[in-house]
Amino acid sequence: MLQALSDAPLHVEARGLLLCRPESRVLLDPDGSHGEPGVHGFVFASEHGMAMGFGAPSVRLADELRDLADRHGMVQEPLELHLPISCANEWLALDGVTSLGLHRVQVLDENAVDGKTIEGGLVGQGVRHSVAHETVVLESKSDPLLETLPRALRAEFAAMRPWPMVVASLAGECIASIASAFVETENYFDVSIDTVPDFRRAGFGFACARALIEQQRLRGKEPVWMVREKNRASLALSEQLGFRDIGRVQSLLF
């Protein structure tokens, strides 16, 4: 399966799940939505309640996908699907499906990020942060700093396996923003970031994301930023960091 699914930014979720979580299940659609050659289907991750589409999977997989979710204890829970745009309308037409909107898939524009430090602040696309927030790498889920997170976010990181690259920016002795490589492939990783509400709009998210990118680049991996089109704060942050659009993915509840 990995040989058929190229290591590309648009495949970072599907390929990353196969590499990082070998228990993930694969559903294949031999013909795809439009009868086009290639590999079509889903990578199903029960622990996240999600299925990542690749190629152009058709609604012929709908019953099999729902049965698989039910067998993993999601009988009363909706399954979140990420679908290529080419087959999205077919799935959105199914009964009981709810659109969650489009995600932009973004990669770094090297012409917009110079990676320099000026007057103690990181620079991305000409944006300066006069305060250089401290950032740290969290080596494991037992790091005591994680206890300073809000309960729901703390539980999310406690459940992570395997432990990914995790970086936090600090406000005193508390985590203000935390970023992780949610999934990664041989050459790419998906940026996941949360900033504690009390510390938003103060540069903590910028510092945290930038530190994660720098750590991952030391390992030879480039960032992919996937963001809902309606998430203005995340879009503003990705713009400051120097990301550019390369595609879109439809998200829906099934």
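That block above? That's the structure.
Residues numbered from 1 in each chain as written. Predicted model: local features only at pLDDT ≥ 70, side-chain atom pairs only at ≥ 80, totals over all residues. Heavy atoms only, no water.

**Details of the side chain of aspartate 190**
The residue aspartate 190 is located in strand E12 (residues 188-195) in this model. Despite its burial, aspartate 190 pairs with no opposite charge; the closest candidate is arginine 21, at 9.0 Å N-O. (Helix = DSSP H or I, 4+ residues; strand = E, 2+ residues; numbered from the N terminus. Buried < 20%, exposed > 50% of the residue type's maximum accessible area, 1.4 Å probe, protein only. Lys, Arg positive; Asp, Glu negative; His and termini not counted. Salt bridge = Lys/Arg side-chain N within 4 Å of Asp/Glu carboxyl O.)

**Structural notes on the pairing of strand E10 (residues 166-171)**
Taken across its six residues, E10 has five buried, putting it largely inside the fold. Sheet topology places strand E9 (residues 135-137) next to E10; three bridges connect them, and they run antiparallel. Within E10, the position partnered with valine 137 by the bridge is valine 167. Note: E10 against strand E11 (residues 174-184), six bridges, orientation antiparallel. Counted as the bridge partner of valine 166 is serine 180 from E11. (Pairing = 2+ DSSP bridges.)

**A short note on the packing of helix H5 (residues 204-217) against helix H6 (residues 232-241)**
The contact between H5 and H6 brings their axes to 10 Å, and the two run at 55°. It follows that H5 is oblique to H6 by the angle criterion. Seen along the crossing, H5 lies across H6 with a hand that is right-handed. Where H5 approaches H6, its residues Gly205, Phe206, Ala209 and Arg210 are matched on the opposing element by Leu237, Gln240 and Leu241. Partitioning the contact of H5 with H6 into residue classes produces four nonpolar, two polar and one charged. (Axes fitted to C-alpha atoms, helices over the stretch in contact; angles between N-to-C directions. Parallel < 35°, antiparallel > 145°, perpendicular 65-115°, else oblique. Left-handed = near helix turned anticlockwise from the far one by under 90°. Contact = heavy atoms within 4.5 Å. Nonpolar A, V, L, I, M, F, W, Y, C, P; charged D, E, K, R; others polar.)

**Side note on the environment of proline 150**
Summarising the element assignment, proline 150 is placed in the loop between E9 and helix H4 (151-158). Proline 150 sits 47 residues away from proline 197 along the chain, and the two C-alpha atoms are 9.7 Å apart.

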